[in-house]
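Overview (structure and organization)
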Amino acid sequence: MNRTPVKEQGRGKERRRSTAKKLKPGTATGNVFGSTNSSQPQFHPCLLLDMCHYFKQPLCPCLSSEQESSEDGDKEGEGEDEEVEEEEEEVEKEVRPETLTPEELEKLKEAVDDKKKLIQALRGKPWPMKKKHSTLRESQEFLEKYEGALGKGKGRKLYAYKVMMNKKWMKFKRDFENFTTACIPWEMKIKEIESHFGSSVASYFIFLRWMYGINMILFDNIGTVPRAEETNAMDFAVLWDFGGYAQYSVLFYGYYNSQRAIGWLKFRMPLSYFLVGVGTVAYSYMVVIRKMARNANETGGGDENSFNFSWKTFTSWDYLIGNPETADNKFASITTSFKEAILEEQESRKDDNIHLTRFLRVLANFLVLCCLAGSGYLIYFVVRRSQKFALEGFENHTWWERNEVNMVMSLLGMFCPMLFDVISALENYHPRVALQWQLGRIFALFLGNLYTFIIALMDEINLKRKEEDVVQFNMTMWEASLHNNTADNSTAPPLFTHPADVPRGPCWETMVGQEFVRLIISDTMTTYITLLIGDFLRAVLVRFLNYCWCWDLEAGFPSYSEFDVSGNVLGLIFNQGMIWMGAFYAPCLPALNVLRLHVSMYLQCWAVMCCNVPQERVFKASGSNNFYMAMLLVILFLSTLPAIYTIVTIPPSFDCGPFSGKARMFDVIQETLESDFPAWISKVFSYAANPGLVLPFMLLMVLAIYYLQSTSKSYKEANVELKKKLQMVN
Amino acid sequence: MGNKQTIFSAQQLDAYQSYVPFQRLFSRYRDLAPQLVPLDYTHQPDVKLPYELIGSMPELKDNPFRQRIAEVFSEDGEGNMTLDDFLDMFSVLSEMAPRDLKAYYAFKIYDFNNDDFICKLDLVKTLNKLTRNELTEDEVRMVCEKVMDEADMDNDGRLSLEDFQHVIVRAPEFLRYRHTPQ
């Protein structure tokens, strides 16, 4: 049993100092066994009491006597945690050291030490006040009589000072921690949601907040590409189509011209654009992988389940709560936490008919595959039709037909997950596992959507390039005609053509960027509208129609909706994937996303608290976080693929964007190496790119990965063994 | 603090002030029932504040265990507290009290029938107070069984003080895990 040494627990001066504060919101709260650091506010001073008035009071009366007992009295004062108000008028028998034999001196010393220890320990004894008083009084009398004889040590003042500084430092650290917790954005909101809805719903919002952070940083990154000129005026009405001036604005790829060096900085625009793109992707990978590693560490380490229920029962109430609302939240969260633990326990106890379960699961998977195939075919069909429409020219068709692809994709995204949900009722998995299956299936659905979208895009790119060739041809004709006209006056000043007159080629990169932005905006709109209709309207209807309806709307169909964790998480992940895909062509995308996430956070927090009810079966989300991260990583990889493909294979437009005029976009790196760096670097790079060097290097990496994996496996096993040993010892 | 003339003998003050910031607590005690509590304590008046007043203090009002706390610390076991009991209670509940002391008193608080053991019935009552009766009977039964399994070392079907302390000593001091309830 670890008995914390009582001398650190508030002796005299230190206790005075440390408790001389009023707690502010966000400070330490505690269960009956000690403090915890949570960011829950609500507290008031009574339990931590203001004791600074003590400092003004005189110390033990022994001090006033002029012997060495003045210092002893000091130590006594600390040991006893007190000040005595009045002077005691006791006649002290002056026991001089010289009158005692060494043995007696020793014995006396021991007795004095014992008494001192008793006084120090008195605080921790579970005796009623009266008993404590009498013991204290006896010990004090004893000490007063005899300690003067022994002339105890110096330096107690220094010790007291040190302990006081220590207490101050602890207080400072605690305040600082509370401050940093209070600074985390939306922490209060998320905690409130967690207490009512459980950790799985809260994990969605934590994930949302993390994405927001990533997008902020991406946005900052891209913002560093300097803008040499002001953006052109943006006509908002035209903004929806992103045509008009916006097309040439900073938001899109086409704006950045291909000048090699801008201004006095000789800033390499094309190179920087390219590198920023690469850097963004690299940063994203790094962040996701680091988060996964950290999650893995955490879950590996903190797996203390031995006294789960006991701790929940005995230590979960927070004894420093003094506010009814907080108490309500606390009750809700305790109940939720119990329900989660109960569910875990029940699931681990279930045993049922294996064969039936297996058959049902196979059946369910088969149904899901049918759904996916069906939706894939539908999308393919719709895309073919829209290509046909494009050839015929868009003006001949209705709005629906023009936006058919987007609409179909959104509708599929809305209804298929519900279908999957129903099918998964067959499977009878633990809710957390069921969530993962659900996520996986919706993932497959969205993948199909996304790749169809990309194929459609590729077709359009090819179209644009054909157009480009035509325009280029026309332009050469036009220039030739100009020169013919001025061939006569060779001494005439060079011809200035107004920039707007120069026919500009179609810029396929900007078109791609526009498509992405349009897709993201329509996706956002769909999400918000679904939220409003599906959740809010439904809640309103159930609430108010209930008064005049034949059956109980709240208990039966349709009742209030539950928060759909899987759907929302996937929406978030796919949204991010699209951002990554399009960020190269439309640098404004991360900014748009930051805005969108900000709005989403507030809207969804409000919607959850107002229109949703907690799930029937509340489960702990602990394992899911790495699952979300893994999906994010896969999406990141999949979304960088198309961008890389286009960079590597398709030649850039001839007159727009930082890479115009080159054969391939990455030629810019080659050029930089050749012209700006000394010759030996390009030699080094050419050696490094040699396949003879690259292949062995890759082989080396594979071997390293294999080795690290096997060591980590052996560490995990050792870990489990040690834990078992620990439990047996205890 | 300072505007009322409280009268205590030197010895009384000296004795109390080791454990609690006395003046502050005395004024809280007195504020609960000014007409009952005299200012002059030199003659050890026998004054007890009834449980209803104690239970209405802001620190205890929202605590589901306030009745048990009052009962444990009161002399008569009914929740009616003298000044001594009152001071005792706050000294144990304060942050400064050592952990073992708190564990000892917590055991007493959770022991509803005062038989020095926490039996199943005590656990059921604890749980119901903690969740405000939100759990079903089955769930409550299940949790109590689990707690007994986990904590009962000597297998006598109830928790003794040693069992209890054994569990509490290992409890995380700072609940720093991500999804901790507030």
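Residues numbered from 1 in each chain as written. Chains lettered and ligands numbered in written order. Predicted model: local features only at pLDDT ≥ 70, side-chain atom pairs only at ≥ 80, totals over all residues. Heavy atoms only, no water.

1. Details of the overall build of chain A
Looking only at helices and strands, chain A has 23 helices and six strands in total. Across chain A, the fraction of contacts at a sequence separation of at least 24, relative to all contacts at a separation of at least 6, is 78%. In the structure as shown, chain A presents an accessible area of about 40000 Å², 63% of it carried by carbon and sulfur atoms. (Helix = DSSP H or I, 4+ residues; strand = E, 2+ residues; numbered from the N terminus. Contact = heavy atoms within 4.5 Å. Areas by Shrake-Rupley, 256 points an atom, 1.4 Å probe, with all protein chains shown as cover.)

2. Looking at the overall build of chain B
Each helix and strand counted, chain B has 10 helices and zero strands in total. Going through the 182 residues of chain B one by one, you find that 54% of them count as buried. The contacts in chain B between residues at least 6 apart in sequence include a share of 51% that link residues at least 24 apart. Here chain B displays about 7900 Å² of accessible surface, and carbon together with sulfur accounts for 48% of that area. (Buried < 20%, exposed > 50% of the residue type's maximum accessible area, 1.4 Å probe, protein only.)

3. Some words on helix α10 (residues 161–169) of chain B
Count 3.6 residues to each turn of an α-helix, and residues three or four apart come out pointing the same way. Regarding α10(B), the residues found buried are Asp163(B), Phe164(B), Gln165(B), His166(B), Val167(B) and Ile168(B). The inward-facing, buried residues of α10(B) abut α11 (308–315) of chain A together with α7 (99–110) and α9 (137–151) of chain B.

4. What about the UniProt feature "transmembrane region" (unreviewed entry) in chain A?
Residue and element names in this part refer to chain A. As annotated in UniProt, the feature "transmembrane region" (unreviewed entry) corresponds to residues 197–218, 270–289, 362–383, 404–426, 438–458, 627–648 and 684–708 in the numbering used here. From the first C-alpha to the last, residues 362–383 spans 32 Å; its make-up is 100% helix and 0% strand. The span residues 404–426 is 91% helix and 0% strand, and its two end C-alpha atoms sit 34 Å from each other. (UniProt positions renumbered as here; feature names shortened; annotations may be inferred.)

5. Brief notes about the state of the cysteines
What the rule picks out here adds up to zero disulfides over all chains. Summary of cysteine pairing: Cys416(A) is not part of a disulfide, and the nearest cysteine sulfur, belonging to Cys371(A), is at 5.9 Å. (Disulfide = S-S within 2.5 Å.)

6. Points about the environment of Gly413(A)
In this structure, Gly413(A) sits in helix α15 (residues 404–424). The sequence separation of Gly413(A) and Ser375(A) amounts to 38 residues, and the corresponding C-alpha distance is 9.8 Å.

7. Some thoughts on the nonpolar core
In terms of nonpolar packing, the biggest core is built from 82 residues, with Tyr204(A), Phe205(A), Phe207(A), Trp210(A), Phe420(A), Val512(A) and Leu632(A) touching the most fellow members. For this core, the leading source of residues is helix α16 (residues 431–486) of chain A, giving 12 residues. Apart from the residues within four sequence positions on either side, Phe205(A) is in contact with Ile190(A), Ile193(A), Phe563(A), Met601(A), Gln604(A), Cys605(A) and Val608(A). Counting residues in each nonpolar core, the second largest holds 60 residues, with Ile334(A), Ile54(B), Phe73(B) and Ala151(B) among its members. (Core = buried A, V, L, I, M, F, W, Y, C linked by side-chain atoms within 4.5 Å.)

8. Examining the side chain of Thr335(A)
Structurally, the position occupied by Thr335(A) is in helix α12 (residues 324–349). If near-sequence neighbours (up to four positions away) are discounted, Thr335(A) is found in contact with Thr131(B), Glu134(B) and Leu135(B).

9. Overview of empty space enclosed by the protein
Residue and element names in this part refer to chain A. Under the defined criterion, the tally for this structure stands at 16 cavities of 30 Å³ or more. Around the largest cavity, the lining residues are Ile454, Leu457, Met458, Ile461, Trp508, Val512, Phe516, Met581, Tyr585, Pro642, Ala643 and Thr646. For the lining of the largest cavity, the elements supplying multiple residues, two or more each, are α16, α17 (508–545) and α20 (624–649). With four residues, α16 is the largest single contributor of residues to the lining of the largest cavity. Looking at the lining of the largest cavity residue by residue, the class counts come to 11 nonpolar, one polar and no charged. (1 Å grid on protein atoms, 1.4 Å probe; cavity = no way out; pocket = protein on both sides within 12 Å on 5 of 7 lines; lining within 4 Å. Points joined across faces, edges and corners; volume = space filled by probe spheres on them. Nonpolar A, V, L, I, M, F, W, Y, C, P; charged D, E, K, R; others polar.)

10. Considerations on the confidence of the model for chain A
All names here are of chain A. Within chain A, residue pLDDT values average 69, and 65% of them lie at 70 or more. Mean pLDDT values over the elements of chain A span from 34, in helix α8 (residues 236–239), up to 88, in helix α23 (residues 691–729). Every residue in residues 1–94 is under pLDDT 50, and counting partners more than four places away or in other chains gives 242 contacts. This model gives residues 257–267 a pLDDT under 50, and the stretch forms 25 contacts once residues within four places in sequence are excluded. (pLDDT = per-residue confidence, 0-100.)

11. Quick notes on the UniProt feature "domain: EF-hand" (unreviewed entry) in chain B
In the numbering used here, UniProt assigns the "domain: EF-hand" (unreviewed entry) feature to residues 98–133 and 139–174 of chain B. Helix makes up 67% of residues 98–133 of chain B and strand makes up 0%, while its end C-alpha atoms are separated by 32 Å.

12. Describing the pattern of salt bridges
Residues and elements named next belong to chain A. Summed over the entire model, instances satisfying the criterion amount to eight salt bridges over all chains. Of the charged contacts in the structure, one is a salt bridge between Arg209 and Glu187, with a shortest N-O distance of 3.1 Å. In this pair, Arg209 sits in helix α7 (residues 199–223) while Glu187 sits in helix α6 (residues 187–197), placing the two residues 22 residues apart along the sequence. (Salt bridge = Lys/Arg side-chain N within 4 Å of Asp/Glu carboxyl O.)

13. Re the packing of α11(A) against α12(A)
Packed helix pairs are characterised by how far apart their axes lie and by the angle those axes make with each other. Residues and elements named next belong to chain A. Axis separation between α11 and α12 bottoms out at 11 Å; the angle between their running directions is 165°. Considering the angle they form, α11 stands roughly antiparallel to α12. Between α11 and α12 lies a crossing of left-handed hand. On the side of α11, the interface is formed by Phe309, Lys312 and Thr313, while α12 contributes Ser337, Phe338, Ala341, Ile342 and Glu345. Partitioning the contact of α11 with α12 into residue classes produces four nonpolar, two polar and two charged. (Axes fitted to C-alpha atoms, helices over the stretch in contact; angles between N-to-C directions. Parallel < 35°, antiparallel > 145°, perpendicular 65-115°, else oblique. Left-handed = near helix turned anticlockwise from the far one by under 90°.)

14. Some remarks on the packing of aromatic side chains
Residue and element names in this part refer to chain A. Taken as a whole, this structure holds 20 aromatic pairs over all chains when the rule is applied. Relative to Tyr602, the ring of Trp186 has its centre 5.9 Å away and its plane inclined at 80°; by these criteria the two rings are edge-to-face. Residue Trp186 is located in the loop between α5 (156–183) and α6, and its partner Tyr602 is located in helix α19 (residues 589–611); the two are separated by 416 residues in the primary sequence. By relative accessible area, Trp186 is classed as buried at 12%. (Phe/Tyr/Trp six-rings, centres within 6.5 Å; stacked < 30°, edge-to-face > 60°.)

15. What about the confidence of the model for chain B?
Residues and elements named next belong to chain B. When pLDDT is averaged along chain B, the result is 77; 80% of the residues meet or exceed 70. At the low end of the mean pLDDT range in chain B sits helix α1 (residues 10–16), at 61; at the high end sits helix α8 (residues 120–131), at 89. When the criterion is pLDDT under 50, residues 174–182 qualifies, and its contacts beyond four places in sequence or with other chains add up to 29 contacts. If you check the scores for this complex, the pTM reads 0.61 and the ipTM reads 0.80.

16. Examining α8(B)
Between its terminal C-alpha atoms α8(B) stretches 17 Å, which fits the 16 Å expected from 12 residues at 1.5 Å a residue. Residues of α8(B) that are buried include every one of Asp122(B), Leu123(B), Thr126(B), Leu127(B), Leu130(B) and Thr131(B), and no others. Down the axis of α8(B), the sector holding all buried residues measures 145°, keeping them to one side. Here the buried face of α8(B) lies against α11 and α12 of chain A together with α7 and α9 of chain B. Positioned one or two residues after α8(B), Arg132(B) has a phi angle of 55°, which is positive. (Expected span 1.5 Å × (residues − 1). Arc of directions from axis to C-beta.)

17. Observations concerning the side chain of Asn593(A)
By secondary structure assignment, the location of Asn593(A) is in helix α19. Not counting the four nearest positions on each side in its chain, Asn593(A) is found in contact with Asn215(A), Asn575(A), Gln576(A) and Ile579(A).

18. Observations regarding the packing of α8(B) against α9(B)
All names here are of chain B. One can describe the packing of α8 onto α9 by two numbers: an axis separation of 10 Å at closest approach and a directional angle of 125°. In terms of their interaxial angle, α8 and α9 are classed as oblique. In this structure, the crossing between α8 and α9 has a hand that is right-handed. Facing Lys120, Leu123, Val124, Leu127 and Asn128 of α8, the residues of α9 in contact are Val140, Val143, Cys144, Glu145, Val147 and Met148. Of the residues that constitute the contact of α8 with α9, the class distribution is eight nonpolar, one polar and two charged.

19. Things to note about unusual backbone geometry
Residue and element names in this part refer to chain B. Of note in this structure, Asp116 is not a glycine but carries a positive phi near 65°. By the element assignment, Asp116 lies in the loop between α7 and α8. Its relative accessible area of 56% is what places Asp116 among the exposed residues. Backbone geometry at Asn155 places phi at a positive 55°, although glycine is not the residue there.

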